[in-house]
Amino acid sequence: MRTLLRFFFDLLYHPFAFTYDLVAFTVSLGRWKDWVLSVVPFIEGTRILEIGHGPGHLQRVLLSRNLVAVGMDESAPMGRLAKRNLARQAFSAKHPNSNPSYQHSYTQSNLTRGIAQYLPFSTESFETVIATFPSEYIADARTLPEVKRCLTNGGRFIVLPVAMLMGRGILDRLMSLLFRVTHQSPEDPLEIFSKRFERPFIEAGFQVKIKQVEVKSSLLVIVIATKPSSR
């Protein structure tokens, strides 16, 4: 099952990146963007790095708040998709009545390609680093020291690893069952993810808090890992 899932997500994130929003919308019953944006209230500072920016929805919100937002993704197709989405948003904001065929000329995004294990940024570059629904790389023994290096003292690493549908409707129940079968949503997310995330994050030198957030009949688990301030 895990091998099949990796294969499916690899296809979805690379050659079929253009279908990502549709698939995410479908499996979340329309809640996907709300899930991703649930991390916004936990952001601190003005210099923000998003690891695995995907189609760029969180980048759009960060830029709309005049934050210094940088997005990094391993997938070249996803990077192109995000740039197009952000270009459309920037153009529409400036020229709401203009021809959309020129939208590609207007983008203020800061997107780059890379992997979390080797972040191409200077030490203490960001006050908050974010990752929403990342794969196993996020708790990699090479990823955590890199994130910590790039954070300022007292900076936050915010990770949204899992969501669980809680509605009582037939579709909610079916999708909740699918999420559990694919290990995307465990039966007891707080307990399981506390064990999975607390230990590697603490061993990497972070102070860790795990929050449960309810969003539109869904339960989200959000990990807030803080880099201790030096004394």
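Quick caveat, the model's predicted, so the values are computed rather than measured.

1. Observations regarding the overall build of the protein chain
When you go through the protein chain residue by residue, the secondary structure sums to eight helices and seven strands. Taken across its 231 residues, the protein chain has 48% of its residues classed as buried. In the protein chain, the proportion of contacts linking residues at least 24 apart, taken out of those at least 6 apart, comes to 66%. As presented, the protein chain carries roughly 12300 Å² of accessible surface, and 55% of it is formed by carbon and sulfur atoms.

2. Overview of the confidence of the model for the protein chain
Chain-level pLDDT for the protein chain is 79 on average; 74% of the residues reach the 70-or-more range. Within the protein chain, strand S4 (residues 126-132) carries the highest mean pLDDT (97), whereas helix H7 (residues 170-181) carries the lowest (46). Below pLDDT 50 for its whole length, residues 98-108 participates in 20 contacts with residues either more than four positions away or in separate chains. The low-confidence segment residues 169-178, where pLDDT is below 50, has 13 contacts with residues more than four positions distant or belonging to other chains.

3. As for helix H4 (residues 57-64)
When H4 is considered as a whole, its buried residues turn out to be His57, Leu58, Gln59, Val61 and Leu62. Just beyond H4, the residue with positive phi is asparagine 66, at close to 60°.

4. A closer look at the pattern of salt bridges
When the charged atoms of two side chains with opposite charge come close together, those side chains can pair. Here the structure, examined in full by the defined rule, presents five salt bridges. For the salt bridge of glutamate 44 with arginine 156, the shortest nitrogen-to-oxygen distance reads 3.5 Å. Residue glutamate 44 is located in the loop between helix H3 (32-37) and strand S1 (47-51), and its partner arginine 156 is located in strand S5 (residues 151-165); the two are separated by 112 residues in the primary sequence. With a relative accessible area of 38%, glutamate 44 lands in the partly exposed category.

5. Digging into the sheet that holds strand S6 (residues 207-214)
Spatially, the seven strands line up as an open sheet ordered S3-S2-S1-S4-S5-S7-S6, and their pairing is mixed. Edge strands, defined here as strands with exactly one partner in the open sheet, are strand S3 (111-113) and S6. Strand-to-strand twist across the sheet, computed as the mean angle between neighbouring axes with direction ignored, equals 20°. For S1 and strand S2 (residues 68-73), the ladder comprises five bridges, and the chain directions are parallel. Opposite leucine 49, over in S2, you have valine 70 as the bridge partner. Helix H6 (residues 143-150) contacts S1, S4 and S5 of the sheet and is inclined by roughly 130° relative to S5.

6. Let's talk about the packing of aromatic side chains
Counting across every chain of the model gives eight aromatic pairs. With a centroid separation of 6.2 Å and 80° between ring planes, the pair formed by tyrosine 20 and tryptophan 32 is classed as edge-to-face. Linking tyrosine 20 in helix H2 (residues 20-27) with tryptophan 32 in helix H3, this pair joins segments that are 12 residues apart in sequence. The two residues tyrosine 20 and tryptophan 32 agree in class, both being buried.

7. A word on a positive patch on the surface
A contiguous patch of positive charge, built from Arg80, Arg84, Arg88 and Arg113, is present on the exposed surface. Of the residues forming the positive patch, the biggest block, three residues, is contributed by helix H5 (residues 76-94). Looking at where arginine 113 falls in the secondary structure, it is placed in strand S3.

Cut-offs used in this document
- Residues numbered from 1 in each chain as written.
- Predicted model: local features only at pLDDT ≥ 70, side-chain atom pairs only at ≥ 80, totals over all residues.
- Heavy atoms only, no water.
- Helix = DSSP H or I, 4+ residues; strand = E, 2+ residues; numbered from the N terminus.
- Buried < 20%, exposed > 50% of the residue type's maximum accessible area, 1.4 Å probe, protein only.
- Contact = heavy atoms within 4.5 Å.
- Areas by Shrake-Rupley, 256 points an atom, 1.4 Å probe, with all protein chains shown as cover.
- pLDDT = per-residue confidence, 0-100.
- Salt bridge = Lys/Arg side-chain N within 4 Å of Asp/Glu carboxyl O.
- Pairing = 2+ DSSP bridges.
- Axes fitted to C-alpha atoms, helices over the stretch in contact; angles between N-to-C directions.
- Phe/Tyr/Trp six-rings, centres within 6.5 Å; stacked < 30°, edge-to-face > 60°.
- Patch = residues over 30% accessible without salt bridge, like charges linked within 9 Å, V, L, I, M, F, W, Y side chains within 5 Å.
- Lys, Arg positive; Asp, Glu negative; His and termini not counted.
- Charge placed at Lys NZ, Arg CZ, Asp CG, Glu CD.

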